[in-house]
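The primary structure of each chain is shown beneath.
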Number of protein chains: 4
Amino acid sequence: MERLLRKCRIRSQLVRECMAECLGVYVLILFGCGSVAQVTTTEDKKGQYLSINLGFAMGVTFGVFVSRAHLNPAVTLSLCVLGRHPWMKLPFYAFFQALGAFLAAATVGLQYYDAIRVYGGGELTVTGPTATAGIFATYPADYLSVWGGVVDQVIGTAALLLCVLALGDQKNSPVPDGLQPVLVGAAVLVIGISMGSNSGYALNPARDFGPRLFTYIAGWGVEVFEAGGGWWWVPIVAPCGGALLGTLIYELMIEVHHPLRLAEEQMPRQEPTEGKMGLELEEDCEKST
Amino acid sequence: MERLLRKCRIRSQLVRECMAECLGVYVLILFGCGSVAQVTTTEDKKGQYLSINLGFAMGVTFGVFVSRAHLNPAVTLSLCVLGRHPWMKLPFYAFFQALGAFLAAATVGLQYYDAIRVYGGGELTVTGPTATAGIFATYPADYLSVWGGVVDQVIGTAALLLCVLALGDQKNSPVPDGLQPVLVGAAVLVIGISMGSNSGYALNPARDFGPRLFTYIAGWGVEVFEAGGGWWWVPIVAPCGGALLGTLIYELMIEVHHPLRLAEEQMPRQEPTEGKMGLELEEDCEKST
Amino acid sequence: MERLLRKCRIRSQLVRECMAECLGVYVLILFGCGSVAQVTTTEDKKGQYLSINLGFAMGVTFGVFVSRAHLNPAVTLSLCVLGRHPWMKLPFYAFFQALGAFLAAATVGLQYYDAIRVYGGGELTVTGPTATAGIFATYPADYLSVWGGVVDQVIGTAALLLCVLALGDQKNSPVPDGLQPVLVGAAVLVIGISMGSNSGYALNPARDFGPRLFTYIAGWGVEVFEAGGGWWWVPIVAPCGGALLGTLIYELMIEVHHPLRLAEEQMPRQEPTEGKMGLELEEDCEKST
Amino acid sequence: MERLLRKCRIRSQLVRECMAECLGVYVLILFGCGSVAQVTTTEDKKGQYLSINLGFAMGVTFGVFVSRAHLNPAVTLSLCVLGRHPWMKLPFYAFFQALGAFLAAATVGLQYYDAIRVYGGGELTVTGPTATAGIFATYPADYLSVWGGVVDQVIGTAALLLCVLALGDQKNSPVPDGLQPVLVGAAVLVIGISMGSNSGYALNPARDFGPRLFTYIAGWGVEVFEAGGGWWWVPIVAPCGGALLGTLIYELMIEVHHPLRLAEEQMPRQEPTEGKMGLELEEDCEKST
């Protein structure tokens, strides 16, 4: 059996990394959107908003445990800007992250097929009392202006990057390796608890666009792009801006002030150890074998 | 005292392992079904659906802490297929796992005897507003078709195995040994939060069949096998299929792509270190002393 | 300052241990009964039953972090029976544990003085819609018979000891030292979630009797001993029986079957390392300096 | 990029520490007050009191992860009294802690601008059914007398310091370094669960005064200082008293009784290792490079 499986080994590092991104986001959305489906279709009887927060948080945790991937194009972008990840890989990562989210949304749609059908009375609607599109992608609250939504997503994603960079910075918080996925999940949890009500804390272009595309294809129709005043582009663009802002704040206020060890001052190119969750370098090492 | 206890030491490794499986599942069901009993008989006043999720999650955690066992025939089956566990032991494991669940259900029945009697008005019913059979075994939601239920259990158990195999794979996520039971519990928690509403996330043939047998014997009668369109076989068969699917996905997408250390390439038979929760090998070592 | 404090150092080991037990239970009850007070006086608006479970669980966690003490006469009793703790110290431990609970109940009474007064309309009642005695001690649910209550407390405390002994058994689950208090708290959490509704999961004679005595003195009157059919003795006696039962099950089913390392077989008196939470020996070492 | 950022490095240790305090409290209040904003403006639909407790708890956790700072003038004061922190720095720390809280409150105000406007019907009120000032600063419950409030804050902050000092005391609980921020957050969680209903558990002069000042300036007006019978000074003064009380209790009942290692008895000036969260000394070392 082991021997048989070994035959399937893929030697290209990029393909392996893309596959990991795809599976990681798949796990994230499977648990995240699954929890929204459960709360929505049971009308809060088998879960509440806190369950949704926990679903996405632990989705991130297990997504990282399973794949050790970035899971988020905005995170990959920040690492590229910081020079810790090759720009060339960015489009591949983003595509496979969105693909994973799309496939997971399809799985949730399959698993909750009966529930969604009965809850919506046979209709797949984007707005109204039995809307089910919100299971998959995010939509803004009624009161929210588009610019309010942009501000909301920029602040949320900046907060996410601030936490993720701190957790991955070995000179700041010496988090045990095996617990970083748990703490990254905790960061997503607290953001969901404190910044979730305005527009559903997408924080991640792939998390939002993949499932939205699924709903477009699967029968919710073009309204998924029109609802909320054409909201769909906000969770794609704003998280990228927010990620860069959070990265800048962390670098300027904390990271550049770490005292250098002598050896590092002389060999500055040894630095990039502090990739996302401190795993970047190890990943590269292992994968390049 | 110590000396007296030592007299009771059992030398057969298989008996000791079966006893551990039995006690481990006992703890799982004692806490898991106990939390359902509490929520059901207090009509959500002393707990909600999240308590039930936490009860089963922490039941798994402490079941593993107490016994370091598999707790789940579907997990044992997967490990057999992977060649990490002897096939010969599978029926023994499965029997004692179900026995532990049966005994724990009896204990919960005893502990909540007064509460169940008063809540059900003296009747033990499987369906209806004061049904109490759902405290022990799982039943599908009204809207769920049998095939929908099979899909639900396959997806759920596949997700469980994906997480459990990742947590136990030392080359993937270097989780500290003592925290693996906590994280396996967390995987059960997130599955309960995101995949619990369709049919109660049995995910485990022993967890469902043992308590169902108890209710059959204890007075709920044959309806426990008839309800939900003869639902009882689904949580036995589907989790096994799901476990194999999840194992296959993890092996094909992650595990086979780990770079081999040189030594391992030459000595491939040293591999089986990565048993369930990484403890398999140590267990064998200790138990075989 | 440091120098001044050092003057207050107490050299008697027993006095220091008793002080630690007193402070540890104080912290447990301050958080535990505090959370009941918050939920009761706000009528579930600022907390629910889960908050109470979390309050007692984290009360145990921080009680152990602060004091590294047993916190529970039933636990001390079990350790005495196992020969890991001197019988001579048992009455001192039990007294100071109850004293800590009494003082903490008084503190909670002080902190919630205004809230209790307003909630109860100026009356301190043990039963009825605005009863407040349940903030401090446990009372059985209406439906519970006395023997049902005894069974409930025996099962609950046996489950507690099973978990605590497993967490402290270095040959079973190698839990990182600094996380044992967290996991002992988790055990209390899951017991509260799965066994709390019958009679409030006292599990601990000191936790129940100290605060009950406080309510007797502070104005709730003799009814605190009469309510629930003279319930007060159950959470004193039954947890002791349950603790012994749980200890026996753990020893017979798990601990005696651990393979001995050769050195230990020859020097059996080196064994008692596995005290409660694995800290027993270190404590003795440190304290005896 | 790395090279560019490095240009911004600040060499003054005090400035760097103040910046860390400012950013740390910013994170704390961003998540903490954010969660209150979410619960308030959605009328408990997207969160409950427990979310607020989690928001502040995880706000503290990530505040410490990001900045490794004290986050609380009352904590800084206690460390000064213990001789583990220079008095000279106290006013700088306190100012930047309050500044961080002020800026975070402004950010929450910006992020929830639309939500607060719609919820309050366009009015910014301090009391009444749609009051929104409580999103930012704490106000006492109707029933609470001022002295009851002082007692409440003294007890709460004493409990906080008791826990924080125990977690940072390497001779007591050997908590893994990377988990101390999590456990400090847990202490804040349990205090919120058990002592939150009287007056909102400020426990921290900076946490309360900074956001209150923001509401004063941003349009809630002078009533933020007048409400609750001139409540505003209580969360500034009482936490300082409580912190000193908790410190005294911990030192007298636990810390002074730790056995000294021989080396330390001879070189008592080597002691100050046990700063807040055990990180004090390392911080000084790193920062003074």
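About the thresholds
- Residues numbered from 1 in each chain as written.
- Chains lettered and ligands numbered in written order.
- Predicted model: local features only at pLDDT ≥ 70, side-chain atom pairs only at ≥ 80, totals over all residues.
- Heavy atoms only, no water.
- Helix = DSSP H or I, 4+ residues; strand = E, 2+ residues; numbered from the N terminus.
- Buried < 20%, exposed > 50% of the residue type's maximum accessible area, 1.4 Å probe, protein only.
- Areas by Shrake-Rupley, 256 points an atom, 1.4 Å probe, with all protein chains shown as cover.
- Least-squares fit on C-alpha atoms with pLDDT ≥ 70 in both.
- Contact = heavy atoms within 4.5 Å.
- UniProt positions renumbered as here; feature names shortened; annotations may be inferred.
- Buried area = accessible area lost by both parts, 1.4 Å probe.
- Salt bridge = Lys/Arg side-chain N within 4 Å of Asp/Glu carboxyl O.
- Polar contact = N/O pair within 3.5 Å; in protein donor to acceptor, adjacent residues only side chain to side chain.
- Nonpolar A, V, L, I, M, F, W, Y, C, P; charged D, E, K, R; others polar.
- Core = buried A, V, L, I, M, F, W, Y, C linked by side-chain atoms within 4.5 Å.
- Axes fitted to C-alpha atoms, helices over the stretch in contact; angles between N-to-C directions.
- Parallel < 35°, antiparallel > 145°, perpendicular 65-115°, else oblique.
- Left-handed = near helix turned anticlockwise from the far one by under 90°.
- Disulfide = S-S within 2.5 Å.
- Patch = residues over 30% accessible without salt bridge, like charges linked within 9 Å, V, L, I, M, F, W, Y side chains within 5 Å.
- Phe/Tyr/Trp six-rings, centres within 6.5 Å; stacked < 30°, edge-to-face > 60°.

### Details of the overall build of chain A
Phase 1: Check the secondary structure of chain A and you find 13 helices and zero strands.
Phase 2: Put simply, chain A runs from its N terminus to its C terminus through helices and strands in the order α-α-α-α-α-α-α-α-α-α-α-α-α.
Phase 3: In chain A, which comprises 289 residues, the proportion classed as buried is 65%.
Phase 4: Accessible area for chain A stands at about 9,900 Å²; split by element, carbon and sulfur atoms hold 67% of it.

### As for the relation of the copies chain B and chain C
Phase 1: Of the two same-sequence chains, chain B is brought onto chain C (RMSD 0.0 Å, axial shift 0.0 Å) by a rotation of 90 degrees. The relationship between the two copies is best expressed as a four-fold rotation axis. No C-alpha of chain B approaches the rotation axis more nearly than that of Pro 176 of chain B, which lies at 5.9 Å.
Phase 2: Interface overlap between copies is the fraction of interface residues in one copy that are interface residues in the other; for chain B against chain C it is only 7%, indicating separate surfaces.

### Things to note about the UniProt feature "transmembrane region" (unreviewed entry) in chain A
Residue and element names in this part refer to chain A.
Phase 1: Here, UniProt's "transmembrane region" (unreviewed entry) annotation points to residues 20-37, 49-71, 92-113, 146-167, 179-197 and 230-252.
Phase 2: Annotation note: span residues 92-113, helix share 95%, strand share 0%, distance between end C-alpha atoms 31 Å.
Phase 3: Across residues 179-197, helical content stands at 84% and strand content at 0%; the span's end C-alpha atoms are separated by 28 Å.

### Quick notes on the interface of chain A and chain B
Phase 1: Counting residues at the interface gives 46 residues for chain A and 52 residues for chain B.
Phase 2: Taking both partners together, chain A and chain B bury about 4,400 Å²; carbon and sulfur atoms supply 68% of that area.
Phase 3: Our count for the contact surface shared by chain A and chain B stands at zero salt bridges.
Phase 4: Run the count over chain A and chain B and you get 14 residue pairs in polar contact (both at pLDDT 80 or more).
Phase 5: Elements with a minimum of two residues in the side of chain A that touches chain B: α1 (2-7), α2 (13-41), α3 (49-67), α5 (90-111) and α6 (113-119) of chain A.
Phase 6: Residue classes in the side of chain A that touches chain B are distributed as 21 nonpolar, 15 polar and 10 charged.

### So, helix α4 (residues 73-81) of chain A
Residues and elements named next belong to chain A.
Phase 1: In terms of burial, α4 is a largely internal element, eight of the nine residues being buried.
Phase 2: What α4 keeps buried is the set Pro 73, Ala 74, Val 75, Thr 76, Leu 77, Ser 78, Leu 79 and Cys 80.
Phase 3: A distance of 2.9 Å separates the backbone nitrogen of Ala 74 from a side-chain oxygen at the start of α4, and that oxygen is part of Asn 72.
Phase 4: Downstream of α4 by a residue or two, Gly 83 has a phi angle that is positive, lying close to 80 degrees.

### Details of the nonpolar core
Phase 1: If you look at the biggest cluster of nonpolar residues, it comprises 296 residues, and the most contacted ones within it are Phe 62 of chain A, Phe 62 of chain B, Phe 62 of chain C together with Phe 62 of chain D.
Phase 2: Apart from residues no more than four positions distant in its own chain, Phe 62 of chain B is found in contact with Val 27 and Phe 31 of chain B together with Cys 163, Leu 167, Leu 183, Ala 186, Ala 187 and Val 190 of chain C.

### Notes on the interface of chain B and chain C
Phase 1: The partner chain C presents 52 residues to the 46 residues of chain B that form the contact.
Phase 2: Summed over both sides, the interface between chain B and chain C buries roughly 4,300 Å², with carbon and sulfur atoms accounting for 68% of that surface.
Phase 3: Here chain B and chain C share zero salt bridges between them.
Phase 4: Between the two partners, chain B and chain C, sit 14 residue pairs in polar contact (both at pLDDT 80 or more).
Phase 5: Per-class residue counts for the side of chain B that touches chain C are 21 nonpolar, 15 polar and 10 charged.

### A few points about the packing of helix α2 (residues 13-41) of chain D against helix α3 (residues 49-67) of chain D
Residue and element names in this part refer to chain D.
Phase 1: Across the interface, α2 lies against α3 with an axial gap of 8 Å and an inter-helix angle of 160 degrees. It follows that α2 is roughly antiparallel to α3 by the angle criterion. Here α2 and α3 pass one another in a crossing that is right-handed. Residue-level contacts link Ala 20, Leu 23, Gly 24, Val 27, Leu 28, Phe 31, Gly 32, Cys 33, Ser 35, Val 36 and Val 39 of α2 to Ser 51, Ile 52, Gly 55, Phe 56, Gly 59, Val 60, Phe 62, Gly 63, Val 66 and Ser 67 of α3.
Phase 2: Split into classes, the residues belonging to the contact of α2 with α3 amount to 13 nonpolar, eight polar and no charged.

### Quick look at the state of the cysteines
Phase 1: The full count for this structure, using the stated rule, is zero disulfides over all chains.
Phase 2: Between Cys 240 of chain A, a cysteine without a disulfide, and Cys 80 of chain A, which holds the nearest cysteine sulfur, the sulfur-to-sulfur distance is 11 Å.
Phase 3: We note that Cys 22 of chain C lacks a disulfide partner, and the nearest cysteine sulfur, in Cys 18 of chain C, lies 9.0 Å from it.
Phase 4: Owing to a relative accessible area of 11%, Cys 22 of chain C belongs among the buried residues under this scheme.

### Re the relation of the copies chain A and chain B
Phase 1: Overlay of chain A on chain B (RMSD 0.0 Å): rotation 90 degrees, translation along the axis 0.0 Å.
Phase 2: Taken together, the interface assignments show that only 7% of the residues at the interface of chain A recur at the interface of chain B, consistent with different surfaces on the two copies.

### So, helix α10 (residues 223-230) of chain C
Along an α-helix, residues three or four positions apart point the same way, because every turn accommodates 3.6 residues.
Phase 1: Within α10 of chain C, burial applies to Val 224, Phe 225, Ala 227 and Gly 230 of chain C.
Phase 2: Close packing links the buried residues of α10 of chain C with α9 (205-220) of chain C.

### Section: a nonpolar patch on the surface
Phase 1: Where nonpolar side chains cluster on the molecular surface, the patch consists of Trp 147, Trp 232, Trp 233 and Val 237 of chain A and spans about 440 Å² of accessible area.
Phase 2: Residue position: Trp 233 of chain A is located in the loop between α10 (223-230) and α11 (234-253).

### Things to note about unusual backbone geometry
Phase 1: A positive phi angle, near 35 degrees, is found at Tyr 201 of chain A, a position not held by glycine.
Phase 2: In this structure, Tyr 201 of chain A sits in the loop between α8 (180-195) and α9 (205-220).
Phase 3: Even without being glycine, Leu 71 of chain D reaches a positive phi, approximately 70 degrees.
Phase 4: Locating Leu 71 of chain D in the fold gives a position in the loop between α3 and α4 (73-81).

### Regarding the packing of helix α2 (residues 13-41) of chain C against helix α8 (residues 180-195) of chain D
Phase 1: Taken N-terminus to C-terminus, the directions of α2 of chain C and α8 of chain D make an angle of 45 degrees; their axes are 6 Å apart at the nearest point. The orientation of α2 of chain C relative to α8 of chain D falls into the category oblique. Here Leu 30, Phe 31, Gly 34, Ser 35 and Gln 38 of chain C of α2 of chain C lie close against α8 of chain D, whose contacting residues are Val 190, Ile 191, Gly 192, Ile 193, Ser 194 and Met 195 of chain D.
Phase 2: The residue inventory of the contact of α2 of chain C with α8 of chain D, partitioned by class, reads six nonpolar, five polar and no charged.

### Details of the packing of aromatic side chains
Residue and element names in this part refer to chain A.
Phase 1: Overall, the coordinates contain 48 aromatic pairs over all chains when judged by the stated rule.
Phase 2: Considering the side-chain rings of Phe 56 and Tyr 201, the 6.0 Å spacing of their centres and the 70 degrees angle between planes classify their relative orientation as edge-to-face. Highlighted residues: Phe 56 in helix α3 and Tyr 201 in the loop between α8 and α9, separated in sequence by 145 residues. In terms of burial, Phe 56 and Tyr 201 fall into one category: buried.
Phase 3: Note on Phe 102 and Phe 214: the rings are 6.1 Å apart at their centroids and 80 degrees apart in plane angle, and the pair reads as edge-to-face. You can see Phe 102 sitting in helix α5 and its partner Phe 214 sitting in helix α9, a full 112 residues away along the chain.

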